[in-house]
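# What the coordinates show
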Amino acid sequence: MSLRLFRYEFFCTDQWTVLLRLLALFLSPLYVSLLGAKEHNLPTVQNLVIPQFNDDGHLSWELHASELKSKDRDSYITKNPILYLFTDQIIELTAKSKAGEFLLQSGQAHGASFFDVVGNGFSANGNEWEWRNSVAKGRNQMIFKEYGKVVFSNGLGGIFASNSGRDGSSCVSGQEDRSQNLEKNATVPTIAQANYLEFLSTQKNSHLFSLEGNVSIEGDNLFLTCEKIEVLFVQEGNATSSEIGKISTMDAKGKVVLRQGGRISYGDKMFLDVKQGTVLLTGHVRVVDDEWGEASGESVVLEKGQRRARVLGGESTRPRVELPPLPDFVFRKKAKKTAQ
């Protein structure tokens, strides 16, 4: 015989919210004590739903599982767990796995099997996963220690898209084509992979993604590799609480290689500022452009929508620019006739 706990949803006024808060404080210990019963009294619980409420009496997270077994006082082994994470009473993330160990009182879990997370604007998955409801840096921290992968549905390619035409072009149709290409790049999904992947909500309106070890990010007109990178997403003022927002900054370190169109950029570090529309490469920087040649220096600034690269020197080095070879205009001297 199995024990089934039912979830009740309330659509309530402020008075109901206060009542829910009191019920949450009363029922949470009841859930834990019930699940922590002796093994001969409660060997297995099936088709279980466990809600967790915040201080406002609203759902913070909710665990569904087809089977649950008590391991010790606050540790439970689950089969087919589905974890729903809420923000402002809206589901922000949905996470699924075949198995996992949950610490209900502290709001933590981990597992070795494949873990799949779906959010509004992205999805992530990997093995050797961990979840923490609250950490010093933020909340709903997800960690994948093996084969981490994240897909951004809105894409990042439009941020790096460059104008294929020459600077200063006044052709209207060319500008229209460029705008269409930027819009296309922004809608093509971008896939990021690494040995280690972590993401969390750092504030109410921002999400931080950290990737480390054999990092690769691929999208339309974009291929980036490095050893470590942090990508920050920030919501706009009119965005809903469940939206991931738009990319604000990217901070990459270690053997950075950025390929876009006919250009390859190399450096020790790279910092992208979307608001400024610039990419700053530092440390043994080299930029190779199919059309304009090669440039190197202590740092290089790439500007969004331009094929320009501003090369800056350091105290011990000077900027160096190599232009492509001049074309052969066939202005050769005529060979002298040899005497008969």
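Preceding this section is the structure that the text describes.
A short tour of the structure in this document, coming up. (Residues numbered from 1 in each chain as written. Predicted model: local features only at pLDDT ≥ 70, side-chain atom pairs only at ≥ 80, totals over all residues. Heavy atoms only, no water.)

### Topic: the environment of G283
With respect to the element layout, G283 can be found in strand β17 (residues 278-289). You can call G283 buried: its relative accessible area is 17%. Residues G283 and S296 lie 13 residues apart in sequence; the distance between their C-alpha atoms is 10.0 Å. G283 has contacts with G267, D268 and E298, leaving out every residue within four places of it along the chain. (Helix = DSSP H or I, 4+ residues; strand = E, 2+ residues; numbered from the N terminus. Buried < 20%, exposed > 50% of the residue type's maximum accessible area, 1.4 Å probe, protein only. Contact = heavy atoms within 4.5 Å.)

### Examining the packing of aromatic side chains
In this structure the tally under the stated criterion is 11 aromatic pairs. For the ring pair F102 and W129, a centre distance of 6.4 Å and an interplane angle of 55° mean the geometry is tilted. Separated by 27 residues along the polypeptide, F102 in strand β6 (residues 99-103) and W129 in strand β9 (residues 122-135) bring together distant segments of the chain. Each member of the pair F102 and W129 is classed as buried. On the numbers, 5.3 Å between centres and 80° between planes, the contact of F122 with F199 is edge-to-face. Residue F122 is found in strand β9, and its partner F199 is found in strand β12 (residues 196-203); the two are separated by 77 residues along the sequence. (Phe/Tyr/Trp six-rings, centres within 6.5 Å; stacked < 30°, edge-to-face > 60°.)

### Quick look at the side chain of S210
Residue position: S210 is located in strand β13 (residues 206-219). Among all residues touching S210, those that are not within four sequence positions of it are Y196, L197, E198, I229 and E230.

### A closer look at the pattern of salt bridges
In the structure shown here, the tally under the stated rule is 9 salt bridges. The closest approach of N and O atoms between E67 and K79, which form a salt bridge, is 3.7 Å. Of this pair, E67 sits in strand β2 (residues 59-70) while K79 is found in strand β3 (residues 76-79), placing the two residues 12 residues apart along the sequence. By relative accessible area, which is 17% here, E67 ends up buried. Here K79 falls in the partly exposed class, since its relative accessible area comes to 45%. Several salt bridges converge on common partners, so that one network encompasses E130, R132 and K145. (Salt bridge = Lys/Arg side-chain N within 4 Å of Asp/Glu carboxyl O.)

### Let's talk about the side chain of H207
As for its position among the elements, H207 is in strand β13. Within the structure, H207 has its side chain in polar contact with the side chain of E92 (distance 2.7 Å). (Polar contact = N/O pair within 3.5 Å; in protein donor to acceptor, adjacent residues only side chain to side chain.)

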